[in-house]
Amino acid sequence: MSSRVSAAIDAAHEAGRSAFVGYLPAGYPDVATSVEAIVGLAEAGADVIELGPPYSDPVMDGLVIQEATQTALANGFRMRDLFTIIREVTARTDVPILVMTYWNLVEQYGVDRYADELVAAGGAGLITPDITPDAGEAWIAASERTGLDRVFLAAPTSSDERLRMIVDASTGFVYTVSTMGITGERASLDAAARALVERLRAFGATHACVGIGISNAEQVAGVAEYADGAIVGTALVKALRDGGVDALSTLARELSAGTARRA
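Notes on the structure in this doc start here. (Residues numbered from 1 in each chain as written. Predicted model: local features only at pLDDT ≥ 70, side-chain atom pairs only at ≥ 80, totals over all residues. Heavy atoms only, no water.)

### Points about the packing of helix H2 (residues 31-43) against helix H4 (residues 79-90)
Between H2 and H4, the least distance of the axes is 10 Å, while the angle of their chain directions is 40°. Relative to H4, H2 is oriented oblique. Relative to H4, H2 is oriented so that their crossing is right-handed. Across from Val-31, Ser-34, Val-35, Ile-38 and Val-39 in H2, the residues of H4 making contact are Asp-81, Ile-85, Glu-88 and Val-89. (Axes fitted to C-alpha atoms, helices over the stretch in contact; angles between N-to-C directions. Helix = DSSP H or I, 4+ residues; strand = E, 2+ residues; numbered from the N terminus. Parallel < 35°, antiparallel > 145°, perpendicular 65-115°, else oblique. Left-handed = near helix turned anticlockwise from the far one by under 90°. Contact = heavy atoms within 4.5 Å.)

### Considerations on the sheet that holds strand E4 (residues 125-127)
Reading across from one edge, E5-E4-E3-E2-E1-E9-E8-E7-E6 is the order of the 9 strands in this open sheet, with parallel pairing throughout. What marks the edges here is a single partner per strand, and that holds for strand E5 (149-151) and strand E6 (153-154). Pairing of strand E3 (residues 97-100) with E4 involves 3 bridges; the strand directions are parallel. The residue of E4 that forms the bridge with Val-99 is Leu-126. (Pairing = 2+ DSSP bridges.)

### Considering the environment of Thr-69
Mapping Thr-69 onto the fold places it in helix H3 (residues 63-74). Residue classification places Thr-69 among the buried residues on the basis of a relative accessible area of 2%. Setting aside anything within four residues of it in sequence, one finds Thr-69 in contact with Pro-25, Pro-54 and Tyr-55. A distance of 2.9 Å separates the side chain of Thr-69 from the backbone oxygen of Gln-66, its partner in a polar contact. (Buried < 20%, exposed > 50% of the residue type's maximum accessible area, 1.4 Å probe, protein only. Polar contact = N/O pair within 3.5 Å; in protein donor to acceptor, adjacent residues only side chain to side chain.)

### Points about helix H11 (residues 234-257)
The end-to-end C-alpha separation of H11 is 18 Å, well short of the 34 Å expected for 24 residues at 1.5 Å each. A bend of about 140° at Gly-243 is the largest found in H11. (Expected span 1.5 Å × (residues − 1). Bend = angle between axes of the 7 residues up to and from the residue.)

### A few points about the packing of H2 against H11
Closest axis-to-axis distance for the H2/H11 pair is 8 Å, and the angle between their directions is 40°. Viewed along their axes, H2 and H11 adopt a mutual orientation that is oblique. As for the relative orientation of H2 and H11, their crossing is left-handed in sense. Contact residues: Thr-33, Glu-36, Ala-37, Gly-40 and Leu-41 in H2; Leu-236, Leu-240, Val-245, Leu-248, Ser-249 and Ala-252 in H11. The residue inventory of the contact of H2 with H11, partitioned by class, reads 7 nonpolar, 3 polar and 1 charged. (Nonpolar A, V, L, I, M, F, W, Y, C, P; charged D, E, K, R; others polar.)

### Comments concerning the pairing of strand E8 (residues 208-211)
Successive side chains on a regular strand alternate, one facing one side of the sheet and the next facing the other. Side chains Ala-208 and Val-210 project from E8 onto one buried face, and the interleaved Cys-209 and Gly-211 project onto a second face that is buried too. The sheet contact formed by strand E7 (residues 174-177) and E8 spans 4 bridges and is parallel. By the bridge assignment, Thr-176 is partnered in E8 with Val-210. Here E8 pairs with strand E9 (residues 229-232) via 2 bridges, running parallel. Among the inter-strand pairings, Val-210 is bridged to a residue of E9, identified as Ala-230. A crossover connection joins E8 to the parallel E9 through helix H10 (residues 217-224); in handedness this β-α-β unit is right-handed. (Right-handed = clockwise from strand over helix to strand, strands pointing away.)

In structure tokens form, the structure reads like this:
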């Protein structure tokens with residue numbers, strides 16, 4: 001089955017730019033506003049949307065995203081709302097939506113049930129930050145059955161053997177961790193990100209998108225020099241928190257403009 005995420009990245013490349021992948025927490029600050037924010041992000045230039053369902057123990061997330069997901073939970077978010085949000089967004093935009101989720105949420109819901117409901121809602125796949133391909137047999141089987149993309153994470157500390165496994169198991173793109181640590185804004189990106197993308201290419205990765213620590217158009221432009229896409233989360237969540245959907249859309253347009261590849 002063809003990958004909608006790969007197709008979106010390829011379309012960006014054909015337009016002479018790297019892809020812009022934008023993250024937002026599902027249901028933040030509430031379900032209705034979340035839908036408008038995601039649609040606004042897509043209309044402002046995001047090529048792929050990452051949607052993160054709130055979780056009570058978000059070990060990978062920085063403070064801004066933790067606070068946002070806790071707000072969503074306090075405002076009554078439930079897992080069924082994730083699929084409602086995706087269904088409403090995909091009725092209004094063709095930008096593919098990847099759910100970035102901790103594995104416990106999928107396992108508790110039921111892997112096949114989760115995959116089937118994600119397909120029915122119009123979702124494109126999962127990013128699974130806390131499960132590796134060798135521990136993800138159930139998810140790999142479900143994604144192959146349904147055609148959903150599966151995006152695994154690669155870190156600068158990953159061995160060659162593990163990188164090869166990640167490249168072989170991933171579809172859509174490989175999530176390339178720019179630097180070790182939790183999500184959040186940083187003044188500069190770790191140079192290890194460029195070296196990691198080169199290593200992934202050597203193992204056959206056709207799409208490698210860099211995330212964690214990217215917060216402005218200048219950093220997006222730097223990533224566009226060597227990677228297939230730049231992933232931005234914390235800065236977008238902060239814009240939504242501080243200025244609502246309008247501020248989010250303004251920032252997203254600035255970030256999208258940074259994806260243009262220099263001749």
